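Residue-level structure breakdown
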Amino acid sequence: MGRDTPTGAPSLDAVRARIDIVDSELLKLLDERAGLAAAVAAAKKAAGGDGKFGLRSAREAQVLRHLLAQPRESATPALIVRIWREIIGDSLSRQGPFHLAVWGGKQETRAVELARLRFGIAPPMAIVEKPEQALAAAKTPGGVAVLSLGGGHAWWGRLLAQPSLRVFATLPCLSSWGPTSAMAVAEVKVEPSGRDQTLWVTDSNLPNAKIVEALSRDGVAGEPLAESGGLKLFALAGFYQTDDARLARAPGTLSGVIGAAPEPFDL
Ligand SMILES: C=C(O[C@@H]1C=C(C(=O)O)C=C[C@H]1O)C(=O)O
């Protein structure tokens, strides 16, 4: 092309020309992908979805895992997850109402960042003062609550008495973006994605190590996530049903499953 530099590397002009072509191709595909959202909404309605909130956390995890497993040379997992979260969030917002209510306590900035990383820029966001307000918003059509695990508030314990509200995601969804420090809650049915963790609450006053030991004797691998107000929150490896016999035997008088979430993608 006569545009290579003396070292054999392509010239800046040549690279820029290639970037312009790739960008046009990306845009064409992005436009097609965005257009499919309406088709998904119509298909869900035809399948009897009746305009119910279309968020499917397990399906999203499968989409992302499939992409992350494909051969590539330069795109990092972080880039792929970031871009597809944005695309999926936009797609979901085209299917019907979709809005966020974020409670971060003392970690408000981080909670807002985690909410945007997970759900993209499409859904409007309200920042609320109390966990109760976020949970109330999650009970309105298209509502998703993002609540921080820090701040010493056992908001997650309330979900034991509100089975319609389920934790469906732990944030962030890449462990290289930091430890689990918030969770997302909505009126959705949680489904297994193939690689999941179950969120389980107990009022047992045994030390965490003893609870982990008791669970493991029953073949359940658990790790403590948070503790407050006499309640403890654990992440259990795998997908457990609410009425699982092993959990019925686990320590605590008041205990139960409050949801399940795909494992972080980079584990
Ligand atoms: C498109 C769907 O709805 C939502 C959007 C998705 C997407 O854009 O890939 C995936 C899962 C859902 O949260 C779907 O259910 O397939």
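Residues numbered from 1 in each chain as written. Predicted model: local features only at pLDDT ≥ 70, side-chain atom pairs only at ≥ 80, totals over all residues. Heavy atoms only, no water.

1. Some thoughts on the site of the ligand
Here is the rule: Whether a residue is near a molecule or strand is decided by its heavy atoms; if any one of them lies within 4 Å of it, the residue is near. Pairs of N or O atoms are called polar contacts if they sit within 3.5 Å, as long as, within protein, a hydrogen donor faces a hydrogen acceptor (for residues adjacent in sequence, only side-chain-to-side-chain pairs). Here the Shrake-Rupley method, with its probe set to 1.4 Å, supplies the accessible areas, and only the displayed protein chains count as covering residues. Strands here mean DSSP runs of E at least two residues long; helices mean DSSP runs of H or I at least four residues long; both are numbered from the N terminus.
Inspection of the region around the ligand gives R33, V40, K44, G54, L55, R56, R59, E60, I88, S91, L92 and Q95 as its neighbouring residues. Contact distances for the ligand include 2.9 Å between an oxygen atom and a backbone N or O atom of R56. Measuring from an oxygen atom of the ligand, one finds a side-chain N or O atom of Q95 at 2.9 Å. For the ligand, whose free accessible area comes to 350 Å², the fraction covered by protein is 91%. Those elements giving two or more residues to the shell around the ligand turn out to be α1 (12-49), α2 (57-68) and α3 (77-95). At 4 residues, α3 tops the list of elements feeding residues into the shell around the ligand.

2. A closer look at the pairing of strand β1 (residues 99-103)
Put simply, the rule is: Each residue is assigned to one of three classes by its accessible area relative to the maximum for its type, calculated with a 1.4 Å probe on protein chains only: buried under 20%, partly exposed between the two thresholds, exposed over 50%. A pair of strands is treated as paired once DSSP finds two or more bridges between them. By the criterion used throughout, a crossover qualifies as right-handed when its path from the first strand across the helix to the second strand runs clockwise, the strands pointing away from the viewer.
Most of β1 is tucked away, with 4 of its 5 residues classed as buried. Inspection of the sheet shows β1 paired to strand β3 (residues 143-148) by 5 bridges, in the parallel sense. Bridge pairing in β3 places W103 opposite L147. Alignment of β1 against strand β2 (residues 125-127), held across 3 bridges, turns out to be parallel. Bridge pairing in β2 places A101 opposite A126. In this fold, β1 hands off to helix α4 (residues 108-119), which returns the chain to β2; that crossover is right-handed.

3. Focus: the pattern of salt bridges
Think of it this way: side chains of opposite charge can pair up when their charged atoms draw near. The test is simple: Whenever a carboxyl oxygen of Asp or Glu lies within 4 Å of a side-chain nitrogen of Lys or Arg, that contact is scored as a salt bridge.
Overall, the coordinates contain 11 salt bridges when judged by the stated rule. The shortest N-O distance in the salt bridge between E86 and R82 comes to 3.7 Å. Of this pair, E86 and R82 are both found in helix α3, 4 residues apart, which corresponds to roughly one turn of the helix. Judged by its relative accessible area of 32%, R82 is partly exposed. In this structure, the salt-bridge partner of E227 is K232, at a minimum N-O distance of 3.9 Å. With relative accessibility at 48%, the residue E227 sits in the partly exposed group. With a relative accessible area of 7%, K232 lands in the buried category.

4. Here we look at the pairing of strand β7 (residues 222-228)
Judged from the 6 bridges that link them, β7 and strand β8 (residues 231-237) form a sheet pairing that is antiparallel. Across the sheet, P224 pairs through a bridge with F234, a residue of β8. Adjacent in sequence and paired antiparallel, β7 and β8 are bridged by 2 residues, among which G229 carries a positive phi angle near 55°.

5. Observations concerning the nonpolar core
Under the convention used in this document: The definition of a nonpolar core used throughout is a set of buried Ala, Val, Leu, Ile, Met, Phe, Trp, Tyr and Cys residues joined through side-chain atoms within 4.5 Å.
Core analysis: the largest hydrophobic core is formed by 26 residues, its most contacted members being W155, W156, M183, V185, L233 and I258. Elements represented by at least two residues in this core include exactly β1, α5 (131-137), β3, β5 (182-186), β6 (196-202), β8 and β9 (255-262). Counting residues in hydrophobic clusters, the runner-up holds 20 residues, among them L114, A115, V144 and V188.

6. Points about unusual backbone geometry
The general pattern is negative phi for most residues beyond glycine and trans for most peptide bonds. Following L171, the chain continues into P172 via a peptide bond in cis, with omega recorded as 0°. Positionally, P172 belongs in the loop between β4 (166-171) and β5.

7. Examining the side chain of R166
Quick reminder of the rule: In summary, the charge assignment counts Lys and Arg as positive and Asp and Glu as negative, without counting His or the chain termini. For this analysis, residues touch if any pair of their heavy atoms sits within 4.5 Å.
Within the secondary structure, R166 is located in strand β4. For the buried R166, no salt bridge exists, and the shortest N-O distance to an oppositely charged side chain is 9.5 Å, to E187. Within polar-contact distance, the side chain of R166 engages the backbone oxygen of P163 at 3.2 Å. Apart from residues lying up to four places away in sequence, R166 is in contact with L159, A184, V185, A186, V188, V190, V257, I258 and G259.

8. Let's talk about the domain arrangement of the protein chain
Applied cut-off: For the purposes of this description, domain bounds are those given by an automatic or database domain assignment.
When cut into domains, the protein chain gives domain 1 (11-43) and domain 2 (91-262). Here the C-alpha centre of domain 2 lies 35 Å away from the C-alpha centre of domain 1.

9. Considering the packing of aromatic side chains
Let me state the cut-off plainly: Any two rings among Phe, Tyr and Trp, with Trp reduced to its six-membered ring, count as a pair given centres within 6.5 Å; such a pair is stacked if its planes are under 30 degrees apart, edge-to-face if over 60, and tilted if neither.
For the coordinates displayed, the defined rule picks out 4 aromatic pairs. With a centroid separation of 6.1 Å and an interplanar angle of 75°, the aromatic rings of F98 and F119 are classed as edge-to-face. Residue F98 is found in the loop between α3 and β1, and its partner F119 is found in helix α4; the two are separated by 21 residues along the sequence. Consider the rings of W200 and F234, whose centres lie 5.9 Å apart with planes at 55°: the pair is tilted.

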